[in-house]
Amino acid sequence: MRKHHARVLGLCLSMLQDESEAQDAAQEAFLKAYRALDRFDARAAFSTWLYRIASNQCLDALRRRARRKEESLDDAAANERAPEFWEAGRPGERLEAADLAARALKTLSPDYRLVLTLREMDGLTYEEIASTLECTVDAVKARLKRARRQLLESLRHLAGSGSV
Amino acid sequence: MEHEDIQGRLEAFHDGELPARERSLVEEHLRSCADCRGALEAWAALARAAFPRPPVPGRAETERFTRAVMARLAPAARPSWDWAFLSARWLVPALGLGAAAVAGSLILPARGLRADLDGLLIAEGPAAAAAQWVAPGGTSDWFETQRVAP
């Protein structure tokens, strides 16, 4: 537990952006891992397996939060063309503000938020992300592409609505 | 490699997932293309803002966390009744007293019976002595034999 505490808690903090919720999620992840130890078959590394449990715990927490309708995208943005990765640096667009980025992140679906967190915060490779999410590398690439487009779209919407 | 081909590889380049040869081609392109360079730098800045590395918990925090998880595990890990009472200091003396009480209740009444049996054993042998254990009603239950006759 001591060995994996920092990494699991870091994932939960990054995903949930709430200290109390992150602590609960991290505790639940370790409890679930302990109770499911007899089902760990060592096909993946223990840390990957534990991270998978923690990821699912965060996804469940975010989905519960979404069901309570605390955060949602503005429907008006739904019809706009989503920007591509290489359009991130268009002149005149201020996309660097940390608060703007954090608010845009909150509008992402839990699955997109997770894949971006694993890649950008945790620095996992495509293989490691695929192992954690139990999907293929191609699926990871596709999900990252869509997640980045959605994040850029949210940023553009927030910046354009004068919410800076 | 064409500009559009490079654009399609920028994400993988940012993620460090391009094979060496393709990475070299992208790096060469970036030296002369401000658009692609700007996009990469903008995304890197966005990623740093949106996904800052959380602080590493200190040792004390990790210990508190570990204790909290173990405390939540403890009730489920325990058996349905608490074996801890078997280690109580009072238990051994209590068992001893109880054993003594049971032994006393067996020995004292048996003294009178033994006097009779000893005499019978000496006079007529083990079979006759054993037959005395059978109460008048035919039961061989020792407790029945102790019933006081009205």
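Everything quoted here is computed from the prediction, not taken from an experiment.

It is worth spelling out the confidence of the model for chain A at this point. Mean pLDDT over chain A works out to 83, with 80% of the residues at or above the 70 mark. Contacts of residues 74-79 of chain A to residues separated by more than four positions or lying in other chains number 4 contacts, the stretch itself having pLDDT below 50.

What follows concerns the nonpolar core. Membership of the largest hydrophobic core comes to 65 residues, with the highest contact counts inside it found for Val-8, Met-15, Leu-116, Leu-118 and Leu-151 of chain A. When residues of this core are assigned to their parent elements, the largest contribution, 9 residues, is made by helix H3 (residues 46-67) of chain A. The residues touching Leu-116 of chain A, leaving out its near neighbours within four places in the chain, are Leu-108, Met-121, Leu-144, Ala-147, Arg-148 and Leu-151 of chain A together with Trp-43 and Phe-51 of chain B.

Looking now at the environment of Glu-21 of chain A. Residues and elements named next belong to chain A. Locating Glu-21 in the fold gives a position in helix H2 (residues 19-35). Residue Glu-21 is classed as partly exposed on the basis of its relative accessible area, which comes to 25%. Glu-21 sits 40 residues away from Ala-61 along the chain, and the two C-alpha atoms are 8.2 Å apart. Non-local contacts of Glu-21, meaning those with residues more than four positions away in its chain, are made with Leu-16, Ala-61 and Arg-65.

Another point: the side chain of Thr-66 of chain B. Looking at the secondary structure, you find Thr-66 of chain B in helix H5 (residues 59-77). Its relative accessible area of 7% is what places Thr-66 of chain B among the buried residues. Reaching out from Thr-66 of chain B, the side chain makes a polar contact with the backbone oxygen of Thr-62 of chain B at a distance of 2.8 Å. Not counting chain neighbours up to four residues away, the residues in contact with Thr-66 of chain B comprise Met-1 and Arg-2 of chain A.

For the rest of this paragraph, the subject is the interface of chain A and chain B. Each partner contributes to the interface: chain A provides 39 residues, whereas chain B provides 33 residues. Both sides of the chain A and chain B interface together cover about 3500 Å² of buried area, and 67% of this is carbon and sulfur. Asp-15 of chain B is the salt-bridge partner of Arg-119 of chain A, the closest N and O atoms lying 3.0 Å from each other. The tally of links between chain A and chain B comes to 13 residue pairs in polar contact (both at pLDDT 80 or more). Among the secondary structure elements, those contributing two or more residues to the side of chain A that touches chain B are helix H1 (5-16), H2, helix H4 (98-106), helix H5 (110-121) and helix H7 (137-160) of chain A. Here the element with the most residues in the side of chain A that touches chain B is H2 of chain A; it accounts for 8 residues. Of the residues belonging to the side of chain A that touches chain B, the class tally is 22 nonpolar, 8 polar and 9 charged.

For chain B, the mean per-residue pLDDT works out to 71, and 55% of the residues sit at or above 70. When the elements of chain B are averaged for pLDDT, helix H8 (residues 142-145) of chain B gives the smallest value, 37, and helix H2 (residues 10-14) of chain B the largest, 96.

If you walk through the whole model with that rule in mind, you get 11 salt bridges over all chains. Here Glu-134 of chain A makes a salt bridge to Arg-52 of chain A, at a shortest N to O gap of 3.5 Å. Of this pair, Glu-134 of chain A sits in the loop between helix H6 (126-133) and H7 while Arg-52 of chain A is found in helix H3, placing the two residues 82 residues apart along the sequence. Looking at Glu-134 of chain A, the relative accessible area reads 59%, which means it is exposed. Within the structure, one salt-bridge network assembled from shared partners comprises Arg-119, Glu-120, Lys-145 and Arg-148 of chain A together with Glu-11 and Asp-15 of chain B.

For the coordinates displayed, the defined rule picks out 4 aromatic pairs over all chains. Taking 5.5 Å as the distance between ring centres and 70 degrees as the angle between the ring planes, the aromatic pair formed by Phe-30 of chain A and Phe-65 of chain B counts as edge-to-face. You can see Phe-30 of chain A sitting in helix H2 and its partner Phe-65 of chain B sitting in helix H5, one on each of two chains. Its relative accessible area of 4% is what places Phe-65 of chain B among the buried residues. Taking 5.7 Å as the distance between ring centres and 45 degrees as the angle between the ring planes, the aromatic pair formed by Phe-46 of chain A and Trp-49 of chain A counts as tilted. One end of the pair is Phe-46 of chain A and the other is Trp-49 of chain A, both in helix H3 and 3 residues apart, which spans about a single turn. What makes Trp-49 of chain A buried here is its relative accessible area of 11%. Aromatic ring contacts, followed pair by pair, group Phe-40, Phe-46 and Trp-49 of chain A into a single cluster.

Analysis parameters
- Residues numbered from 1 in each chain as written.
- Chains lettered and ligands numbered in written order.
- Predicted model: local features only at pLDDT ≥ 70, side-chain atom pairs only at ≥ 80, totals over all residues.
- Heavy atoms only, no water.
- pLDDT = per-residue confidence, 0-100.
- Contact = heavy atoms within 4.5 Å.
- Core = buried A, V, L, I, M, F, W, Y, C linked by side-chain atoms within 4.5 Å.
- Buried < 20%, exposed > 50% of the residue type's maximum accessible area, 1.4 Å probe, protein only.
- Helix = DSSP H or I, 4+ residues; strand = E, 2+ residues; numbered from the N terminus.
- Polar contact = N/O pair within 3.5 Å; in protein donor to acceptor, adjacent residues only side chain to side chain.
- Buried area = accessible area lost by both parts, 1.4 Å probe.
- Salt bridge = Lys/Arg side-chain N within 4 Å of Asp/Glu carboxyl O.
- Nonpolar A, V, L, I, M, F, W, Y, C, P; charged D, E, K, R; others polar.
- Phe/Tyr/Trp six-rings, centres within 6.5 Å; stacked < 30°, edge-to-face > 60°.

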